[in-house]
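Structural description and commentary
As a plain string of letters, each chain reads:
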Amino acid sequence: NSDTTAARSTALYDELGGHDGIRQMMETFVLNIAEDERVVHHFVNADIERFHTQISEHICELSGGPCTYKGASMPEVHKGMNISRAEFNAIVENLITAMETHDVAVSTQNRLLAILAAMHNDVIQR
Ligand code: HEM
């Protein structure tokens, strides 16, 4: 059916610039987080190279690209971080800024954001 066809489409992945485009955009995202005092404390002990690779693979898969995210589930990864709604929104803001920097069209931005927004209950704990 048409829903299945849409789910398998690589259109969003392509609009994000494919694998290289997503990796470059996620590098900017990581740099934005590093400068954001609202959330950077969560990342002080994180392996940033690993985070960059894993978040890129995850976004690649979520956007319909030919990747398989091999990390733990979102609740498992973020368990115990006590992430607030405001912190979630700050992370989203950093992603939007990265997408702007990489000239991603607003309609494309909104399609990725809709996918991530739907995962908020897996990440937010307070
Ligand atoms: C929809 C939103 C989010 C998604 C899709 C997401 C996704 C991910 C992924 C794929 C990883 C890598 C896991 C691995 O290394 O295998 C990760 C790690 C991490 N996430 Fe998130 N995340 C989200 C929101 C947040 C928020 C709001 C925060 C904190 C403000 C956060 C903090 C972290 C930290 C600190 C790590 C690194 C853990 C470590 O290496 O020790 N995440 N996230």
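Now for a quick tour of the structure. (Residues numbered from 1 in each chain as written. Predicted model: local features only at pLDDT ≥ 70, side-chain atom pairs only at ≥ 80, totals over all residues. Heavy atoms only, no water.)

Considering the site of the ligand
Around the ligand sit 23 residues in total, of which His42, Arg50, Gln54, Met74 and His78 are the nearest. Within the side chain of Arg50, a nitrogen or oxygen atom sits 2.8 Å from an oxygen atom of the ligand. Gln54 places a side-chain nitrogen or oxygen 2.9 Å from an oxygen atom of the ligand. Broken down by secondary-structure element, the contributors of at least two residues to the shell around the ligand are helix H4 (48-62), helix H5 (74-78) and helix H6 (85-101). The biggest single contributor to the shell around the ligand is H4, with five residues. Here the residues of the shell around the ligand sort into 15 nonpolar, five polar and three charged. (Near = heavy atom within 4 Å. Polar contact = N/O pair within 3.5 Å; in protein donor to acceptor, adjacent residues only side chain to side chain. Helix = DSSP H or I, 4+ residues; strand = E, 2+ residues; numbered from the N terminus. Nonpolar A, V, L, I, M, F, W, Y, C, P; charged D, E, K, R; others polar.)

Considerations on the coordination of the iron atom of the ligand
There is one protein donor for the iron atom of the ligand, namely His78 (NE2), at 2.0 Å. Within the fold, His78 resides in helix H5. (Donors = N, O, S within 2.8 Å, 3.2 Å for Na, K, Ca; no water.)

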